[in-house]
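Topology and contacts: notes
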Amino acid sequence: MSIKIDNLTKKFGHLIAVDNLSLEINKGEIFGLLGPNGAGKTTLLSMLGVLVIPTSGSATVDGHDIVREPLAVRRCIGMVFQGGSLDNLLTARENLELHARLFGVPKEMRKKRIAEALELVELTDRADDRAGNFSGGMKRRLEIARALLHHPAVLYLDEPTVGLDPQTREHIWAYIKKLAKAESMTIILTTHYMEEADLLCDRIALIDHGKIVALDTPAGLKKRMGGDRVKLKCAKACSTATLERLRKLPFVKSVSAEEGHLTLVVENAPLHLQNILHEAGAVEEVHVLPASLNEVFLQFTGHEIRNESAEEDDAQSQWSAHR
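Numbering of residues begins from 1 in every chain and follows the order in which that chain's sequence is written. Local features in this predicted model are restricted to residues whose pLDDT is 70 or higher, and side-chain atom pairs enter the listing and the counts only when it is 80 or higher, whereas totals over whole chains, interfaces and linings include all residues. Computation of side-chain values: all heavy atoms of the structure, hydrogens and water removed.

**Some thoughts on the overall build of the protein**
Helix and strand assignments come from DSSP, with helices taken as H or I runs of at least 4 residues and strands as E runs of at least 2, each series counted from the N terminus. Broken down by element type, the protein carries 12 helices and 14 strands. Dimensions along the principal axes, computed over C-alpha positions, put the protein at roughly 80 × 45 × 35 Å. Residue burial is assigned from relative accessible area. The probe radius is 1.4 Å, only protein chains are included, and a residue is buried under 20% of its type maximum, exposed over 50%, and partly exposed in between. For the protein, with 323 residues in total, the buried portion stands at 50%. We call two residues in contact whenever any of their non-hydrogen atoms come within 4.5 Å of each other. Nonlocal contacts in the protein, meaning residues at least 24 apart in sequence, comprise 71% of its contacts between residues at least 6 apart. Accessible surface computed for the protein: about 15,500 Å², of which carbon and sulfur atoms make up 50%. Think of it this way: Lys and Arg go in the positive column, Asp and Glu in the negative one, and His and the chain ends go nowhere. Here the site of a charge means atom NZ of a Lys, CZ of an Arg, CG of an Asp or CD of a Glu. Taking the average location of the 40 positive side-chain charges in the protein and that of its 44 negative ones, the two points are 3 Å from each other. In short, Shrake-Rupley with a 1.4 Å probe defines the accessible areas, and a residue's cover is counted only from the protein chains shown.

So, in structure tokens, the structure goes:
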């Protein structure tokens, strides 16, 4: 077991950022924490990274207690922060050299490890350029390389692709999967991007108001929805007989009607769409929505996951103070 969390709680005054949370994360697992801003994701990582002291409860990282053994925890983790944390006046190589010295990487090993880290994130040809001249994606890749220099057992990635363009985000995802395989490390990823969690994570915890509301593989979470959503805009009000015919179809899990619209939960909707339209009669619009993590979250919490304007975790200032 790489990480074990028992009844972990963090309060900031009257605000409960993490609420009596328990969780176990396996060694070598890519584990996602998915939820809106203010849900408690960063506060949880801050406690696991020994930057914030828990109000109550306990946790161990790679066998080390986060309260009693903070130095041992720091030695076995790597972190990539939400905001930038590079020294823009230093070159990529100098940023890595500074980090290696701070984390006690032996002098005879530094050159080799720096070269390996730069190669992993494909920045070897830019090693002697100032970080301040890098694009956002290149900076994020350099931050990932820096976090790997001391060969951590656990890597924390806090919104690693926030603010990046789609192409750069896809490149970052590729690096994350590559390093997870190459280093056999445990990775905890916080994100509000559905596709990011779906693509990268072995398991996902959906978090809302400091609590885990669902925990499973991406496929397992989506399976809880019972199928795809098919939304129909009818040319006229659907009769009771039409609704009953639709409900009796063996692949239809449920049917609801509201103001000229029908919403059906359907097993493998693309395969059965023709039959549905035949039974529904005159239809003006059809929308097929595959089961998604956002819909799972909506089902469990009543609101969508998105990068919404919400009160950020108080722990954000703690992260900044320790950079």
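Moving on from the model shown.
**Focus: the sheet that holds strand 4 (residues 56-61)**
Pairing between two strands is assigned when DSSP locates at least 2 bridges connecting them. The strand order 2-1-4-5 describes an open sheet built from four strands, whose pairing is antiparallel. The two strands at the open ends of the sheet, each matched to only one other strand, are strand 2 (15-25) and strand 5 (64-65). Bridge analysis of strand 4 against strand 5 gives two bridges, and the strand direction is antiparallel. Residue pairing in the sheet places T60 in a bridge with D65 of strand 5.

**With respect to the pairing of strand 4**
Pairing of strand 1 (residues 3-12) with strand 4 involves five bridges; the strand directions are antiparallel. From the neighbouring strand, I3 faces strand 4, where its bridge partner is V61. Remark: two residues form the turn of the hairpin made by strand 4 and strand 5, two consecutive strands paired antiparallel; D62 in that turn has positive phi of roughly 50 degrees.

**Looking at helix 3 (residues 92-102)**
Residues A92, N95, L96, H99 and A100 constitute the buried set of helix 3. The buried side chains of helix 3 occupy one side of the element, clustering within an arc of 135 degrees when seen end-on. Exposed side chains of helix 3 directed beyond 90 degrees from the buried face belong to R101 and L102. Along its buried surface, helix 3 packs onto helix 4 (107-120) and helix 5 (136-148). A positive phi of about 70 degrees marks G104, the residue just after helix 3. Arc definition: it is the arc formed by the directions from the helix axis to the C-beta atoms.

**Structural notes on the nonpolar core**
As used in this record, nonpolar core signifies buried Ala, Val, Leu, Ile, Met, Phe, Trp, Tyr and Cys residues forming a set joined through side-chain atoms within 4.5 Å. Counting residues in each nonpolar core, the largest one holds 49 residues, and the members touching the most others are L118, L142, L155, L179, I187, I204 and L206. Excluding its chain neighbours within four sequence positions, the residues that come into contact with L142 are L86, A92, L96, L118, L123, A131 and F134. I3, I25, M79 and A205 belong to the second largest nonpolar core, which has 33 residues in total.

**What to know about the pairing of strand 7 (residues 154-158)**
Judged by how many residues are buried, strand 7 sits mostly within the fold: five of five residues are covered. The pairing of strand 6 (residues 77-80) with strand 7 spans four bridges and is classified as parallel. The residue bridging G78 from the neighbouring strand is L155, located in strand 7. Bridging between strand 7 and strand 8 (residues 186-191) involves five bridges; their strand directions are parallel.

**Some words on the packing of helix 5 against helix 6 (residues 166-183)**
For the pair helix 5 and helix 6, interaxial distance at closest approach is 10 Å and the crossing angle is 15 degrees. The angle between the axes of helix 5 and helix 6 places the two elements in the roughly parallel class. Judged by the twist between their axes, the crossing of helix 5 over helix 6 is right-handed. Taking contact as the criterion, the partners of G137, R140, R141, I144 and L148 in helix 5 are, on helix 6, T168, I172, Y175 and L179. The residue makeup of the contact of helix 5 with helix 6, split by class, is five nonpolar, two polar and two charged. Only C-alpha atoms enter the line fits that serve as axes; for helices the fit covers just the stretch in contact. Angles between N-to-C directions range over 0 to 180 degrees. For classification purposes, angles smaller than 35 degrees are called roughly parallel, those larger than 145 roughly antiparallel, those between 65 and 115 roughly perpendicular, and all remaining angles oblique. Crossing handedness: left-handed means the near helix sits turned counterclockwise from the far one by under a right angle, and right-handed means the same turn made clockwise. Note on residue classes: Ala, Val, Leu, Ile, Met, Phe, Trp, Tyr, Cys and Pro are nonpolar, Asp, Glu, Lys and Arg are charged, and everything else, Gly too, is polar.

**Observations concerning the pattern of salt bridges**
By definition, a salt bridge exists where a carboxyl oxygen of Asp or Glu is found within 4 Å of a side-chain nitrogen of Lys or Arg. As enumerated under the stated definition, the model contains 19 salt bridges in all. Measuring nitrogen to oxygen at the nearest pair gives 3.7 Å for the salt bridge that ties R68 to D65. Owing to a relative accessible area of 8%, D65 belongs among the buried residues under this scheme. Residues joined by salt bridges that share partners form a network here, namely K4, D6 and E24.

**Looking at a nonpolar patch on the surface**
A surface patch of nonpolar side chains, amounting to about 300 Å² of accessible area, comprises L98, L102 and F103. Position of F103 among the secondary structure elements: in the loop between helix 3 and helix 4. The residues that make up patches have over 30% relative accessible area and no salt bridge, and they are joined within 9 Å when like-charged or within 5 Å when they are Val, Leu, Ile, Met, Phe, Trp or Tyr.

**A few points about the sheet that holds strand 11 (residues 228-234)**
The sheet built from four strands is open, its strands ordered 12-13-11-14 with antiparallel pairing. Sheet topology places strand 12 (252-258) and strand 14 (283-289) at the edges, where each strand pairs with a single neighbour. Taking the axes of each pair of neighbouring strands and ignoring which way they run, one obtains an average angle of 15 degrees across the sheet. Direction of pairing for strand 11 relative to strand 14: antiparallel, over a ladder of six bridges. Directly across from C234, in strand 14, lies its bridge partner V283. Helix 9 (residues 240-248) contacts strand 12 and strand 13 (261-266) of the sheet and is inclined by roughly 155 degrees relative to strand 12. In the packing of helix 10 (residues 269-280) onto the sheet, contacts are made with strand 11, strand 13 and strand 14, and the angle to strand 11 comes to roughly 25 degrees.

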